[in-house]
Amino acid sequence: MKIVFMGTPDFAVPSLEAILEAGHEVCGVFTQPDKPKNRGMKLLPPPVKRAAMDHGLPVFQPEQLRDGSALEQLRTLGPELIVVAAYGRILPEEILHLPPKGCINVHSSLLPRYRGAAPINWAVINGDRETGVTIMEVARELDAGDILAQVSTPIDPDETVESVHDRLARMGGKLLVQTLEEIERGNVRHIAQNPAQVTYAPMLSRALSPIDWNKSAVEIHNQIRGLVPWPATSTDIFSREPVKIYAAAPTETATKQQPGTVLSAGKDGIDVACGDGRVLRILELQAPGGRRMAAADYLRGHPITL
RNA sequence: CGCGGGGUAGAGCAGUUGGCAGCUCGUCGGGCUCAUAACCCGGAGGUCGGAGGUUCAAAUCCUCCCCCCGCAA
């Protein structure tokens, strides 16, 4: 099938490569413009652009989708179908109607749960035991189109959003290819999203970082593993400046100490009392200006007096 | 030139009124102990990120470069 692919971050790359591997003709790749990022504000091409160029595909990076020129480029490319995967732009209606076989999207949640920008993170933060990927039609309303295919995966209570992300990205590519086959055969089923089950996964921000030690050990652990590596979770109970927490583990230990009290600090980690009377063990953290390190390493230069 | 923090022993950090290179952990040797990740004694381990400059004297002051981290999502 002749396809235009639209995507931007790492999550979209396996989908693009799966399409290519399945033998489809990708006649153009749309991705966000290179943006000044990182230290020094160096211009950085998005991951999908790098992947597209590695495969020698024509790349388009319009600043605007609604000024007509993007539509003109798409007409020239003449795709049968547009595949969107975390492109980061809302497609105008005229583009949605351009390809004869429509526009489909790879979304990293079990829709209708977690519509929006950060579905994987929120599934982990909320302690969900399951998530998945959905292939759906692109509709006018964000992430609201009919579901074409869906597959789920368990979330291990200890794994981080990074590992779930990578797994879902791979699964998304696979499911996408299967769905493309069904579309070609014309036997794809459309299932409308149940409005009663809709939830949203808003964009992450640094405001989510500070730990409220009055929460339970498991809740805090979910926050930590759901927000790595950005914006990460932080606390100021160890020093004046907040440190970022990158890894922790809830323990079976019970305590009557005030939430936020450091109970012990040694080579196995830093034990902190939580709101439910359980203890969370901090395993990996980062002081301001420093790099991520194991708790034991941190303690050598930042001793904690109990 | 986007803003800021940092680079000192294997690890993590102190140390800038310029004046012998420090701490904790680790490591090696010895001791104590029924025993130990505990404790005691001793030792090894550094081109202080790199290059230049100022100075009698630079980790410390000046210039340039390299690398790491945070902000900016």
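Residues numbered from 1 in each chain as written. Chains lettered and ligands numbered in written order. Predicted model: local features only at pLDDT ≥ 70, side-chain atom pairs only at ≥ 80, totals over all residues. Heavy atoms only, no water.

Undergrad: When you look at the sheet that holds strand β9 (residues 147–154) in this model, what are you seeing that I'm missing?
TA: Strand order across the open sheet formed by seven strands is β5-β2-β1-β6-β7-β8-β9, with mixed pairing between neighbours. Of all the strands in the sheet, just β5 (59–60) and β9 have a single pairing partner and so form its edges. Pairing analysis gives seven bridges linking strand β8 (residues 130–137) to β9, with the strands arranged antiparallel. Bridge pairing in β9 links Val133 to Val151. (Pairing = 2+ DSSP bridges. Helix = DSSP H or I, 4+ residues; strand = E, 2+ residues; numbered from the N terminus.)

Undergrad: Can you help me understand the pairing of strand β14 (residues 278–286) in this one?
TA: Two faces belong to every sheet, and in a regular strand the side chains alternate between them. Judged from the seven bridges that link them, strand β11 (residues 243–254) and β14 form a sheet pairing that is antiparallel. The partner of Lys244 across the bridge, within β14, is Gln286. Bridge analysis of strand β13 (residues 269–273) against β14 gives four bridges, and the strand direction is antiparallel. When the sheet's bridge partners are listed, Ile270 is paired in β14 with Ile282. By the bridge criterion, two bridges tie β14 to strand β15 (residues 293–294) in an arrangement that is antiparallel. Across the sheet, Leu285 pairs through a bridge with Met293, a residue of β15. Hairpin remark: β14 followed by β15, antiparallel, with six residues in the connecting loop; positive phi at Gly289, about 80 degrees.

Undergrad: It is not clear to me how unusual backbone geometry should be interpreted in this structure. Could you clarify?
TA: Generally, phi is negative for residues other than glycine and the peptide bonds are trans, each holding for most cases. Cis geometry is adopted by the peptide bond preceding Pro112, which originates at Leu111 and carries an omega value of 10 degrees. Looking at the secondary structure, you find Pro112 in the loop between β7 (103–107) and α5 (119–125). The residue after Val228, namely Pro229, is reached through a cis peptide bond having omega -10 degrees. By secondary structure assignment, the location of Pro229 is in the loop between α7 (217–226) and β10 (233–235). The phi angle at Ala232 is positive, at roughly 70 degrees, despite the residue not being glycine. Turning to its location among the elements, Ala232 is positioned in the loop between α7 and β10.

Undergrad: Hey, could you run me through the layout of surface pockets in this one?
TA: Regions of empty space are outlined by a rolling probe, equal in size to a water molecule, passed over the atoms. Each pocket or cavity is described by its volume, and for the largest pocket that value is around 1,700 Å³. Looking at the largest pocket, it is lined by 48 residues, and the ones nearest its centre are Thr8, Pro9, Ala86, Gly88 and Ala117. A per-element tally of the lining of the largest pocket places helix α6 (residues 161–185) first, with four residues. Of the residues that constitute the lining of the largest pocket, the class distribution is 28 nonpolar, ten polar and ten charged. When residues of the lining of the largest pocket are sorted by domain, at least three fall in each of domain 1 (2–201) and domain 2 (206–301). The calculated volume of the second largest pocket comes to roughly 240 Å³. (1 Å grid on protein atoms, 1.4 Å probe; cavity = no way out; pocket = protein on both sides within 12 Å on 5 of 7 lines; lining within 4 Å. Points joined across faces, edges and corners; volume = space filled by probe spheres on them. Nonpolar A, V, L, I, M, F, W, Y, C, P; charged D, E, K, R; others polar. Domains from an automatic or database assignment.)

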